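Understanding the architecture of this molecule
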Amino acid sequence: MTHKAILHRYLQTGREVLLWKLDGLSDYDVRRPITTSGTNLLGIIKHVASVEIDYFTRVFDRPCPVDLPWFAPDAPTNSDMWATPQESRDFIVSLYHTSWRVSDSTIDQLDLDARGHVPWWREDRRTVTLQQILVHMIAETHRHAGHTDVVREIIDGVLGWKDDALNLPPFDASHWHGHVQEIEQAARLFRVTTPDS
């Protein structure tokens, strides 16, 4: 397997994990904010799809077949991190699939040492190679896959990497409850108390 094929496989694995986290959830659950900063599953996918398509088109001076209005200079802050009522789940998933096709075309057609330019990076780091961008997008995708792990567990308790590779022991809910209690007891040994607590 070539270096490019290995990198592409890791990118594709992360992509599939992100989409799997939507399976079985209502439209409300994939959209609702779970953290204090508003992190939500569909927004993560919208963000990663948009970032990926930007890196594999604009950076290498290749055409972008879709409009990304949430990246416009006058777009509201963080508008790439949530789905508006007009943006359906199908629209966001389709955007991500389009991103894959466009990115994969760039990956297929360019050598790993092909040069690109990232205008939004610090000036001394703007000149990049396809290999650097592949590694960057693998890190970006898997970082957000970790976010979706936690968000999905909070929503309905579903755990694991993906359906056919859960990467966790097959414990039931009672085991996890006991496990969490054991961790809490260990943590309490290090809790700092104040005179008022």
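Reference entry: report on the structure contained in this document. As the structure is a prediction and not an experimental result, all values here were calculated from the model.

Quick look at the overall build of the protein chain now. Within the protein chain one finds six helices and two strands. Along the protein chain, helices (α) and strands (β) appear in the sequence α-α-α-α-β-β-α-α when read from the amino end. Expressed as a percentage of its 197 residues, the buried residues of the protein chain come to 41%. Pairs at least 24 apart in sequence give 71% of the contacts found in the protein chain among residues at least 6 apart. Within the structure as shown, the protein chain displays about 11800 Å² of accessible surface, and the carbon and sulfur contribution to it stands at 54%. Taken together, the 20 basic and 28 acidic charged side chains of the protein chain have centroids lying 3 Å from each other.

Further remarks concern the packing of helix 3 (residues 41-57) against helix 5 (residues 130-156). The packing of two helices is summarised by the inter-axis angle and the distance between the axes. Helix 5 packs onto helix 3 with a crossing angle of 175 degrees between their chain directions and a minimal axis gap of 10 Å. Relative to helix 5, helix 3 is oriented roughly antiparallel.

On the surface, a cluster of nonpolar side chains totalling about 330 Å² of accessible area is made up of Met1, Ile6 and Tyr10. Structurally, the position occupied by Ile6 is in helix 1 (residues 3-20). Assessed through its relative accessible area of 30%, Ile6 is described here as partly exposed.

To continue, consider the packing of aromatic side chains. On inspection of all chains with the given rule, the structure shows three aromatic pairs. Here a set of aromatic residues connected by ring pairs shows up, and it is made of Tyr55, Trp120 and Trp121. The lysine or arginine in question, Lys46, covers the ring of Trp70, its NZ or CZ lying 4.4 Å from the ring centre. It is Arg125 that lies over the ring of Trp121; its NZ or CZ is 4.8 Å from the centre.

Once that is clear, we can look at the pattern of salt bridges. Going through the model one piece at a time under the given rule, you end up with 10 salt bridges. Put simply, Glu52 and Arg15 hold a salt bridge, and the shortest N to O gap is 2.4 Å. Placement of the pair is Glu52 in helix 3 and Arg15 in helix 1, with a sequence separation of 37 residues. The pair Glu52 / Arg15 is uniform in exposure class, with both members buried. We note a salt bridge from Asp29 to Arg32, for which the minimum N-O separation is 2.7 Å. Of the residues examined, Asp29 reaches a relative accessible area of 18% and is grouped as buried. On the basis of relative accessible area, Arg32 is assigned to the partly exposed category, the value being 23%. Among the ionic contacts, a cluster of salt bridges with common partners joins Arg15, Glu52 and Asp104.

What follows deals with helix 1. Since the α-helix turns once every 3.6 residues, residues separated by three or four places project in the same direction. Taking 1.5 Å as the rise per residue, helix 1 with 18 residues should run 26 Å; its terminal C-alpha atoms sit 26 Å apart, in good agreement. Among all positions of helix 1, only Lys4, Leu7, Leu11, Gln12, Thr13, Gly14, Arg15, Val17, Leu18, Leu19 and Trp20 are buried. Among the structural elements, helix 3, helix 4 (89-109) and helix 5 are those in contact with the buried residues of helix 1.

Glancing now at the nonpolar core. In a soluble, globular protein the nonpolar side chains are often hidden away together inside. Counting 43 residues, the largest nonpolar core has Leu22, Tyr55, Phe56, Tyr96, Ile133 and Leu134 as its most contacted members. For this core, the element with the highest residue contribution is helix 3, accounting for 10 residues. Setting aside its immediate chain neighbours within four residues, Tyr96 contacts Arg15, Leu18, Leu19, Ile45, Val48, Ala49, Glu52 and Thr141.

So, how was this worked out
Residues numbered from 1 in each chain as written. Predicted model: local features only at pLDDT ≥ 70, side-chain atom pairs only at ≥ 80, totals over all residues. Heavy atoms only, no water. Helix = DSSP H or I, 4+ residues; strand = E, 2+ residues; numbered from the N terminus. Buried < 20%, exposed > 50% of the residue type's maximum accessible area, 1.4 Å probe, protein only. Contact = heavy atoms within 4.5 Å. Areas by Shrake-Rupley, 256 points an atom, 1.4 Å probe, with all protein chains shown as cover. Lys, Arg positive; Asp, Glu negative; His and termini not counted. Charge placed at Lys NZ, Arg CZ, Asp CG, Glu CD. Axes fitted to C-alpha atoms, helices over the stretch in contact; angles between N-to-C directions. Parallel < 35°, antiparallel > 145°, perpendicular 65-115°, else oblique. Patch = residues over 30% accessible without salt bridge, like charges linked within 9 Å, V, L, I, M, F, W, Y side chains within 5 Å. Salt bridge = Lys/Arg side-chain N within 4 Å of Asp/Glu carboxyl O. Phe/Tyr/Trp six-rings, centres within 6.5 Å; stacked < 30°, edge-to-face > 60°. Lys NZ or Arg CZ within 6 Å of the ring centre and 35° of its normal. Expected span 1.5 Å × (residues − 1). Core = buried A, V, L, I, M, F, W, Y, C linked by side-chain atoms within 4.5 Å.

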